[in-house]
Amino acid sequence: MMSRSRQPPLVTGISPNEGIPWTKVTIRGENLGTGPVDLIGLTICGHNCLLTAEWRSASKIVCRVGQAKNDKGDIIVTTKSGGKGTSTVSFKLLKPEKIGLLDQSAVWVDEMNYYDMRTDRNKGIPPLSLRPANPLGIEIESKFPQKDLETLFPGMSADFTSENFSAAWYLIENHSTTSFEQLKMAVTNLKRQANKESEGSLAYVKGGLSTFFEAQDALSAIHQKLEADGTEKVEGSMTQKLENVLNRASTTADTLFQEVLGRKDKADSTRNALNVLQRFKFLFNLPLNIERNIQKGDYDVVINDYEKAKSLFGKTEVQVFKKYYAEVETRIEALRELLLAKLLETPSTLHDQKRYIRYLSDLHALGDPAWQCIGAQHRWILQLMHSCKEGYVQDLKGTPGLHSPMLDLDNDTRPLVLGHLSQSASLKRGSSFQSGRDDTWRYKTPHRVAFVEKLTKLVLSQLPNFWKLWISYVNGSLFSETAEKSGQIERSKNVRQRQNDFKKMIQEVMQCLVKLIRGALLPLSIPECGVRQYGGWEVKSELSGQWLAHVIQTIRLTYESLTALEIPNDMLQTIQDLILDLRVRCVMVTLQHTAEEIKRLAEKEDWIVDNEGLTSLPCQFEQCIVHSLQSLKGVLECKPGEASVFQQPKTQEEVCQLSINIMQIFIYCLEQLSTKPDADVDTTHLSVDVSSPDLFGSIHEDFSLTSVSMASLKELDQRLFENYIELKADPIVGSLEPGIYAGYFDWKDCLPPTGVRNYLKEALVNIIAVHAEVFTISKELVPRVLSKVVEAVSEELSRLMQCVSSFSKNGALQARLEICALRDTVAVHLTPESKSSFKQALEALPQLSSGADKKLLEELLNKFKSSMHLQLTCFQAASSTMMKT
């Protein structure tokens, strides 16, 4: 038994408290021995470390940790004086990292456990890479199927040296069942490894610092011993021999490792080349990728790659990079030319134009592609407009053109015109006005009308995008943010300079539109120099007022659409001028057409009298006038911004003259009918119709004819009225004298009167016949006609009485009876002239001398009125009617 005179050793600390095998540690505690001889045992984690132990003091021992089976264990110190001790701390043994053949190490490496890259490496790591196969430092478990991972992570890789490395893929493939605690440990390993790599070779020096000190101490001891012997330079001495041995060892080592080091240098150079290719493969593959993406139309990808390459290699001095970047610039220049060509292609949508402009802006194309696009669109619109005109002109000539003339009208314009026409044609007596047209007339659009519709459609389909393109150019929305910031100042200068140029473009389009329409509808308003360019319509007939009104409506809608684009009004003034000229022309053509229709009214008179005493002729005339005014209602109406049709004195004079001509033509038509040599036609109907106050009054009220037209109509009315009175009054007047003296009647020698004689009764019956005839036609005309007939009869009777040389008593009484009977019967139709005639006739008779004669006269008058009460009722009815009114 061994005697113990001291306390057992007690380990209270170890530094570091973890590490890999062969880690140098410092043990501290109490009663660790009295000297190196007293230390007889030292185990760490169950491994005997006495061989490397260095006793420094009773509280400090230095040693190296050896290979151990346990990962964690106590530090046990055994001394002769104190026996086997205890420990209050423990040491954790870490698994050693696998070190390659060419890795630096500060301690001796067990060659049985070196890292073999050929048998232990991941498939995803390049062959020449010297990075560890297990970067997390934890055990790799069962692999996940490779095909499933490629499906889950398309375009990614589990190789952590790749640019497309996916951490999720790597963890699923190698650590799908690893616990969270182990993953936390892996994070610690990664941090430690990152710190180690950042420190570089200095970490190895720190780790093997004690080794370097030991070597330094050994060399110093040898040097001191050699200096003491004084034989360091003697031939054959130990120093010389040691030098020779070291030289041979160095030569042998170089020979052994020359091949390995050569392969290492070659591998390093190859690896460096591969790293360069891997690192800069973006630039090396960029020319080919640009071509492929251009073919696929992925211009955004090309632009992004180009911007990236420009920022990385635009100012490089490396020749290889310069060469490849020059290839990139060559392909980008070709792309610029391609995009510019696509931008200037016509037709193209506004979306495509904006897209190509942004691409060219991002590619920093020279010049101003946006303005070039605006100019190309301007030329394209003008070309389309002229091609449209040429196509319709060729169709009109019979040569197949670009467009068909039979075009359907827009749904928003045609129903308005056709509805207006159909409403006008719905008048009761206006059917003859449209009878000359075919039922399908509304679907046969004239070439020029179809051309205007097509032309306005074309402008409205192209000009909005053209205008929006300009607005986008002005506000900078055509360009990307980077391009906008870089070229904002320069572009603002261009906009100011090109505002006038664009205004001229819009005005040129508007002028072309107006001139083409004028050439088709108002050829006389086109100068001779522009007839060939804007005219060429070989048409003899002019468009009707209805089609001109439809064209005006179409152009008005076009103006409203252009105004909605917020185009300044001064640019659209030419369209307003065109609308005004078309409105004036439409009024003229409509009035001329109305005059032509009225000329043909005489041929349509059927002499059928309606309940109001009118034939169809006045209604047809009124129908023509009303239809004409209704068709001009929309034309005469002033839309916003339009001037009045009658603002020009010349227009007022022409319209006034056409209106007078219409009335004169109607008057001429009436004259033709009044002198028509037709034995079957009763001309009395003509005189009644023409002289009707109702017709005359309505014309005066509704149309406010000028004094010239009124005078002409009154003259015709008076002439026809006089002819009718002469026709009816002359037979009655002519029958008076033969009737008075029938049977050799003599005023000087006659029998006492017994009543009114038959001649006067016959005259009254003829007057009643005239009354009946006129009353059946127009009762309002009866007073006018009968008053003239009574004037003629009274005048004749007065003449006859004044021609009698003398009257007997009975003769005077008979004459007074007949004169008073006639006067009292037609009293309601007496005029100052007829009253004067009756007065003169009575004054020519001798005065009644006795009361018996007066009584006899009164009895005979009452007898006459009573016997002819039925015949004289018409005069009484007229009298009561006159009293009521």
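**Things to note about the sheet that holds strand β6 (residues 54–57)**
Next, step 1: Pairing within the open sheet is mixed, and its five strands lie in the order β6-β7-β3-β1-β10. Single-partner strands in this sheet number two, and they are β6 and β10 (86–87).
Next, step 2: The pairing of β6 with strand β7 (residues 60–64) spans three bridges and is classified as antiparallel. Counted as the bridge partner of W55 is I61 from β7.

**With respect to the packing of aromatic side chains**
Next, step 1: Summed over the entire model, instances satisfying the criterion amount to 16 aromatic pairs.
Next, step 2: With a centroid separation of 4.8 Å and an interplanar angle of 90°, the aromatic rings of F745 and W747 are classed as edge-to-face. In terms of burial, F745 and W747 fall into one category: buried.
Next, step 3: Of the aromatic side chains, those joined through ring pairs into one cluster are W371, F466, W467, W470, Y473 and F502.
Next, step 4: One cation-aromatic arrangement involves K308 over F282; the distance from NZ or CZ to the ring centre is 4.6 Å.

**A short note on the nonpolar core**
Next, step 1: Membership of the largest hydrophobic core comes to 118 residues, with the highest contact counts inside it found for M385, L463 and I575.
Next, step 2: When sequence neighbours within four positions are dropped, the list of residues in contact with M385 reads L455, L458, V459, V509, C512, L513 and L516.

**So, helix α7 (residues 281–296)**
Residues spaced three or four apart along an α-helix point in a common direction, a consequence of the helix completing one turn every 3.6 residues.
Next, step 1: Over its 16 residues, α7 extends 21 Å from the first C-alpha to the last, a length consistent with the 22 Å expected when each residue adds 1.5 Å.
Next, step 2: Along its length, α7 shows its largest kink, about 45°, at P287.
Next, step 3: The complete set of buried residues in α7 reads L283, F284, L286, P287, I290, N293 and I294.
Next, step 4: Its buried side turned inward, α7 meets α6 (238–279), α8 (299–313) and α9 (319–343).
Next, step 5: Count one or two residues on from α7 and you reach G297, which has phi positive near 85°.

**As for unusual backbone geometry**
Next, step 1: The residue after S15, namely P16, is reached through a cis peptide bond having omega -5°.
Next, step 2: Here P16 shows up in the loop between β1 (10–15) and β2 (18–19).
Next, step 3: Here the amide bond leading from T346 into P347 is cis, since omega sits at 0°, within 30 degrees of zero.
Next, step 4: Within the fold, P347 resides in the loop between α9 and α10 (350–362).
Next, step 5: The phi dihedral of E566 falls on the positive side, at around 65°, and the residue is not glycine.
Next, step 6: For E566, a relative accessible area of 65% gives the class exposed.
Next, step 7: Of note in this structure, Y744 is not a glycine but carries a positive phi near 55°.
Next, step 8: By secondary structure assignment, the location of Y744 is in the loop between α23 (707–740) and α24 (758–777).
Next, step 9: With relative accessibility at 83%, the residue Y744 sits in the exposed group.

**Topic: a nonpolar patch on the surface**
Next, step 1: On the surface, a cluster of nonpolar side chains totalling about 370 Å² of accessible area is made up of L219, I222, L242 and L246.
Next, step 2: Counting only elements with at least two residues in the nonpolar patch, the list comes to α5 (209–229) and α6.
Next, step 3: Position of L219 relative to the elements: it lies in helix α5.
Next, step 4: Look at L219 and you get exposed, because its relative accessible area is 57%.

**Some details on the pattern of salt bridges**
Next, step 1: On inspection of all chains with the given rule, the structure shows 29 salt bridges.
Next, step 2: As a salt-bridge pair, K264 and D268 come within 3.0 Å of each other at their nearest N and O atoms. Here K264 pairs with D268, and both are found in helix α6, just four residues apart, close to one helical turn.
Next, step 3: Each of the salt bridges in this network shares a partner with another, and the network as a whole consists of K264, D268 and R271.

**A few points about the environment of V514**
Next, step 1: Its place among the elements puts V514 in helix α15 (residues 481–521).
Next, step 2: Separated by 61 residues in the primary sequence, V514 and I575 have C-alpha atoms spaced 6.3 Å apart.

**Points about the side chain of S837**
Next, step 1: Along the chain, S837 turns up in helix α27 (residues 832–843).
Next, step 2: Not counting residues up to four positions away in its chain, the partners in contact with S837 are S794, E795 and S798.

**Section: the packing of α10 against helix α11 (residues 369–397)**
Next, step 1: Viewed as axis vectors pointing N to C, α10 and α11 meet at an angle of 150°, and their least axial separation amounts to 9 Å. If you check the angle between α10 and α11, you find them roughly antiparallel. For α10 against α11, the interelement crossing comes out right-handed. For the pair formed by α10 and α11, the contact residues are Q353, I357 and L360 on the first element and P369, A370, C373 and Q377 on the second.
Next, step 2: Residue composition of the contact of α10 with α11, by class: five nonpolar, two polar and no charged.

**As for the confidence of the model for the protein chain**
Next, step 1: Across the protein chain, the average pLDDT comes to 78, with 80% of residues at 70 or higher.
Next, step 2: pLDDT under 50 marks residues 679–705. Its contacts with residues more than four places away, or in other chains, come to 46 contacts.
Next, step 3: Segment residues 880–885 is flagged for pLDDT under 50; beyond a separation of four residues in sequence, or across chains, it makes one contact in the model.

**Some thoughts on the pairing of strand β8 (residues 72–79)**
Next, step 1: Most of β8 is tucked away: six of the eight residues are buried.
Next, step 2: Bridge analysis of strand β4 (residues 39–44) against β8 gives five bridges, and the strand direction is antiparallel. Note that in β8 the partner of T43 across the bridge is I76.
Next, step 3: Examined bridge by bridge, β8 and strand β11 (residues 90–93) share three bridges and lie antiparallel to one another. Along β11, the bridge assignment pairs D74 with S90.
Next, step 4: Pairing geometry for β8 and strand β9 (residues 83–84), over two bridges, is antiparallel. Paired with T78 across the strands is K84, a residue of β9.
Next, step 5: Counted along the chain from β8 to the antiparallel partner β9, the turn is three residues long.

Thresholds applied
- Residues numbered from 1 in each chain as written.
- Predicted model: local features only at pLDDT ≥ 70, side-chain atom pairs only at ≥ 80, totals over all residues.
- Heavy atoms only, no water.
- Pairing = 2+ DSSP bridges.
- Helix = DSSP H or I, 4+ residues; strand = E, 2+ residues; numbered from the N terminus.
- Phe/Tyr/Trp six-rings, centres within 6.5 Å; stacked < 30°, edge-to-face > 60°.
- Buried < 20%, exposed > 50% of the residue type's maximum accessible area, 1.4 Å probe, protein only.
- Lys NZ or Arg CZ within 6 Å of the ring centre and 35° of its normal.
- Core = buried A, V, L, I, M, F, W, Y, C linked by side-chain atoms within 4.5 Å.
- Contact = heavy atoms within 4.5 Å.
- Expected span 1.5 Å × (residues − 1).
- Bend = angle between axes of the 7 residues up to and from the residue.
- Patch = residues over 30% accessible without salt bridge, like charges linked within 9 Å, V, L, I, M, F, W, Y side chains within 5 Å.
- Areas by Shrake-Rupley, 256 points an atom, 1.4 Å probe, with all protein chains shown as cover.
- Salt bridge = Lys/Arg side-chain N within 4 Å of Asp/Glu carboxyl O.
- Axes fitted to C-alpha atoms, helices over the stretch in contact; angles between N-to-C directions.
- Parallel < 35°, antiparallel > 145°, perpendicular 65-115°, else oblique.
- Left-handed = near helix turned anticlockwise from the far one by under 90°.
- Nonpolar A, V, L, I, M, F, W, Y, C, P; charged D, E, K, R; others polar.
- pLDDT = per-residue confidence, 0-100.

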